[in-house]
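Tertiary structure, described
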Amino acid sequence: MNDWQTYRLEDFVPFTPDIYWRLLERINETFWPLHVPAVAIGITALVLALRGNTRMALALLAPAWLTSGILFHWTYYAELNWAGSWFGWAFVAQAALLLALALSAGSIKAQGPSKGLSTWIGATVAAVSLIGYPLIAAINGAGLSHAETYGLHPDPTAIATLGVLLIVLRGPTLWLALLIPIVWCVIGSLTLIAMDSSGAPMPLAAATIIAGSSIARSIRGHKKMKRGGRD
Amino acid sequence: MDHRHSRRTALKLIGAGIAAAWWMPHLSLANSGALLRKPIPGGRQLPVIGLGTWQTFNVGRDPQLLDARTEVVRAFFEHGGGLVDSSPMYGSAPDVMGYALARLGTPDSLYTAEKVWSPAGGSTREQIGDLSARWGVDRFDLVQVHNLTDWREHLGVLQQMRADGEIAHVGITTSHGRRHDQLERVMREHDIDFVQLTYNITHRQVEERLLPLAQEKGIAVIANRPYDGGRLIRNLKRRHEVPQWAAEEFDCRNWADFLLKFIVSHPALTCAIPATTRVEHVVENMRAGHEPMPTQATRERMIRHIASL
């Protein structure tokens, strides 16, 4: 039998679920009430994105990636998983990318305050992540002490970012900015699946919705351009 | 003497004993046979139930979980436990063992089993030095090559360390049924004391060649994944009752008894290393190491029973 066929997903997760839930609890105990300004900044980024202020929306997403990278990955998660330090670097890189995009916002392909379908999808995904995600822990009975919040925990940070990016960016710039959040959503879901968590599908579902919407919008844009060329 | 009174007293005492055994499972060990021990190279005897640390002991610096795991180790020692197995691949598990031993001391029964892994690159001694500092021990009893990684280089250094008295025993590990052909070659051609492999009632491939070879060569065998990563015992506990005949034939009271006694009753097996986060599970696991053990005929019945579920 091929060695790889003998591996299961849980073989790549070096801790038990109770250790992971306790990690979330420790972060919440340590950093409360930082959650409130973190979510407030996220909501502000979403509102600015809907108003067409691409530069400020992107700039306001960056601190959440920095704090998730430093606090969650480097300070806590890396204690349990050697890959945590690499994830931390990826999050810091995403923060730098968002800041760089914010600084060059005048020259990138940005979307105005469109009322198109993709804007509504992006806004819904971001809003659910910012406001609804912390409530999942309460709903599934784990209690708010296990809540995951934008700006402190990587899953809601990545999901809310995906939503805002779909609103404000277009074309190759959008895909460049989506890359790390989408990869993280896949890793996040696989980790939760390995731990048999009921919230496991959420990051992957959000990434699929945003990626699908981006592709659909690109196809629509391409067709429109072709029609425009014939007219 | 008032016999009616003394009989009532005796009944009360028996009732209290049953209640105590119910509420404090470790007391019930007194009613079982002795904790089974098996010989390892060099003549020492090891209790057949050890303690694994994969996933369960990787708690980082969480003070609450560090104390909780210390209680698991305490219960393990209190019930006669010996072998504790860890690895540099298990995250903070070696540090957590160091934390527990610093608080509990190192009982004479402790048998420390660690591993070295890739990349070797001349790092074998350095890896062992780092791990012994993390455990807070002067030396390890057993050092194993983890999953056969860079095994030629590691094994040479480990054999030299054993000759110099820096470690007591040398071993090599695999799991999930991987690379058995290579493991067999190492067992045949190299001087090792221990082999660690996956063996449980649903994964018995090693019965064909590796276990008989270990017996023939006098190599001690550690069984990892005795509950198949926890999935096996969880599913059994959720869906099935332990068969009555098992209780009658080898004093089997729960699925931990059933699964662990099956493993350690194999004549080639030295020790099984279930991992757990809970004190009550350690007590349950340790109890499974007590005699009586199933006979060969009963073992075959156990296999048929599990296959029928």
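Structure report, in brief. (Residues numbered from 1 in each chain as written. Chains lettered and ligands numbered in written order. Predicted model: local features only at pLDDT ≥ 70, side-chain atom pairs only at ≥ 80, totals over all residues. Heavy atoms only, no water.)

Right, let's talk about the overall build of chain B for a bit. Summing up its helical and strand segments, chain B has 12 helices and 10 strands in all. In chain B, which comprises 309 residues, the share counted as buried stands at 55%. Here the analysis covers contacts within chain B between residues at least 6 apart in sequence; of these, 77% occur between residues at least 24 apart. For chain B, the exposed area adds up to about 13600 Å²; of that, 51% sits on carbon and sulfur atoms. (Helix = DSSP H or I, 4+ residues; strand = E, 2+ residues; numbered from the N terminus. Buried < 20%, exposed > 50% of the residue type's maximum accessible area, 1.4 Å probe, protein only. Contact = heavy atoms within 4.5 Å. Areas by Shrake-Rupley, 256 points an atom, 1.4 Å probe, with all protein chains shown as cover.)

Okay, a positive patch on the surface next. A cluster of basic residues, Arg-220, Lys-223, Lys-224 and Arg-227 of chain A, forms a positive patch on the protein surface. Along the polypeptide, Lys-223 of chain A turns up in helix H8 (residues 201-230). (Patch = residues over 30% accessible without salt bridge, like charges linked within 9 Å, V, L, I, M, F, W, Y side chains within 5 Å. Salt bridge = Lys/Arg side-chain N within 4 Å of Asp/Glu carboxyl O. Lys, Arg positive; Asp, Glu negative; His and termini not counted. Charge placed at Lys NZ, Arg CZ, Asp CG, Glu CD.)

All names here are of chain B. Taken together, the 8 strands give an open sheet; going across it, the order is E3-E4-E5-E6-E7-E8-E9-E10, and neighbouring strands pair in parallel fashion. Where the open sheet ends on each side, the last strands, each with one partner, are strand E3 (51-52) and strand E10 (271-272). Sheet analysis places strand E7 (residues 169-173) next to strand E8 (residues 194-198), joined by 3 bridges and oriented parallel. If you follow Thr-173 over to E8, its bridge partner there is Gln-196. (Pairing = 2+ DSSP bridges.)

A word on the pattern of salt bridges. Throughout the structure, instances matching the rule amount to 30 salt bridges over all chains. The network of salt bridges with shared partners includes Arg-8 and Asp-11 of chain A together with Arg-178, Arg-225 and Asp-228 of chain B.

Time to look at the side chain of Gln-182 of chain B. In this fold, Gln-182 of chain B is placed in helix H6 (residues 180-189). Excluding residues within four positions of it along the chain, Gln-182 of chain B makes contact with Leu-148 and Trp-151 of chain B.

This brings us to a nonpolar patch on the surface. Residues and elements named next belong to chain A. On the surface, Leu-9, Val-186, Leu-190, Ile-193 and Leu-204 cluster together to form a nonpolar patch covering roughly 340 Å² of accessible area. Top contributing element to the nonpolar patch by residue count: helix H7 (residues 171-194), with 3 residues. Within the fold, Ile-193 resides in helix H7.

Residue and element names in this part refer to chain A. Their axes nearest at 7 Å, the elements helix H5 (residues 117-139) and helix H6 (residues 154-168) cross at an angle of 160°. Considering the angle they form, H5 stands roughly antiparallel to H6. Along this stretch, H5 crosses H6, giving a crossing that reads as left-handed. Only Asp-155, Pro-156, Ile-159, Ala-160, Gly-163, Val-164, Leu-166 and Ile-167 of H6 make contact with H5, whose side of the interface consists of Ser-118, Thr-119, Ile-121, Gly-122, Ala-123, Val-125, Ala-126, Ser-129, Leu-130 and Tyr-133. (Axes fitted to C-alpha atoms, helices over the stretch in contact; angles between N-to-C directions. Parallel < 35°, antiparallel > 145°, perpendicular 65-115°, else oblique. Left-handed = near helix turned anticlockwise from the far one by under 90°.)

Our focus in this paragraph is the packing of H6 of chain A against H7 of chain A. All names here are of chain A. As a packed pair, H6 and H7 sit with axes 9 Å apart at the nearest point and diverge in direction by 150°. Where H6 crosses over H7, the handedness of that crossing is left-handed. Across the interface between the two elements, Pro-154, Asp-155, Ala-158, Ile-159, Thr-161, Leu-162, Leu-165 and Leu-166 from H6 touch Leu-174, Ala-177, Leu-178, Pro-181, Ile-182, Trp-184, Cys-185, Gly-188 and Leu-192 from H7.

Listed as interface residues are 17 residues of chain A and, on the opposing side, 19 residues of chain B. Taken together, the two surfaces of chain A and chain B that pack against each other cover about 1700 Å², and 41% of this comes from carbon and sulfur. Interface area lost by chain A to chain B is led by Arg-8, Arg-22 and Glu-79 of chain A, which between them contribute 30%. Applying the counting criterion to the chain A and chain B interface returns 7 salt bridges. A salt bridge links Arg-61 of chain B to Glu-79 of chain A, with the shortest nitrogen-to-oxygen separation between them at 3.1 Å. (Buried area = accessible area lost by both parts, 1.4 Å probe.)

Tallied over the full model, the rule gives 20 aromatic pairs over all chains. A network of ring pairs unites the aromatic residues Phe-15, Tyr-20, Trp-21, Trp-65, Phe-72, Tyr-77, Phe-87, Phe-91 and Trp-184 of chain A as a single cluster. Just above the ring of Tyr-99 of chain B sits the side chain of Arg-103 of chain B; from NZ or CZ to the centre is 3.5 Å. Of note, Arg-178 of chain B hangs over the ring of Tyr-7 of chain A, and the distance from its end group to the ring centre comes to 3.4 Å. (Phe/Tyr/Trp six-rings, centres within 6.5 Å; stacked < 30°, edge-to-face > 60°. Lys NZ or Arg CZ within 6 Å of the ring centre and 35° of its normal.)

Our focus in this paragraph is helix H2 (residues 63-78) of chain B. All names here are of chain B. Counted at 1.5 Å a residue, the expected span for H2 with its 16 residues is 22 Å, and the 22 Å between its end C-alpha atoms agrees. When we look at burial in H2, the residues that qualify are Leu-65, Leu-66, Arg-69, Thr-70, Val-72, Val-73, Ala-75, Phe-76 and Phe-77. Put simply, Asp-62 is the residue that caps the front of H2, since its side-chain oxygen is 3.0 Å from the backbone nitrogen of Gln-64. Gly-80 sits one or two positions beyond H2 and adopts a positive phi of about 90°. (Expected span 1.5 Å × (residues − 1). Polar contact = N/O pair within 3.5 Å; in protein donor to acceptor, adjacent residues only side chain to side chain.)

Looking now at empty space enclosed by the protein. If a probe the size of a water molecule is rolled over the atoms, the empty space left behind becomes visible. All names here are of chain A. Under the defined criterion, the tally for this structure stands at 3 cavities of 30 Å³ or more. A volume near 50 Å³ is recorded for the largest cavity. Surrounding the largest cavity, Tyr-20, Tyr-77, Asp-155, Trp-184, Ile-187, Gly-188, Thr-191 and Leu-192 form its lining. In terms of residues, the lining of the largest cavity owes the most to one element, H7, which gives 5 residues. Split into classes, the residues belonging to the lining of the largest cavity amount to 5 nonpolar, 2 polar and 1 charged. (1 Å grid on protein atoms, 1.4 Å probe; cavity = no way out; pocket = protein on both sides within 12 Å on 5 of 7 lines; lining within 4 Å. Points joined across faces, edges and corners; volume = space filled by probe spheres on them. Nonpolar A, V, L, I, M, F, W, Y, C, P; charged D, E, K, R; others polar.)

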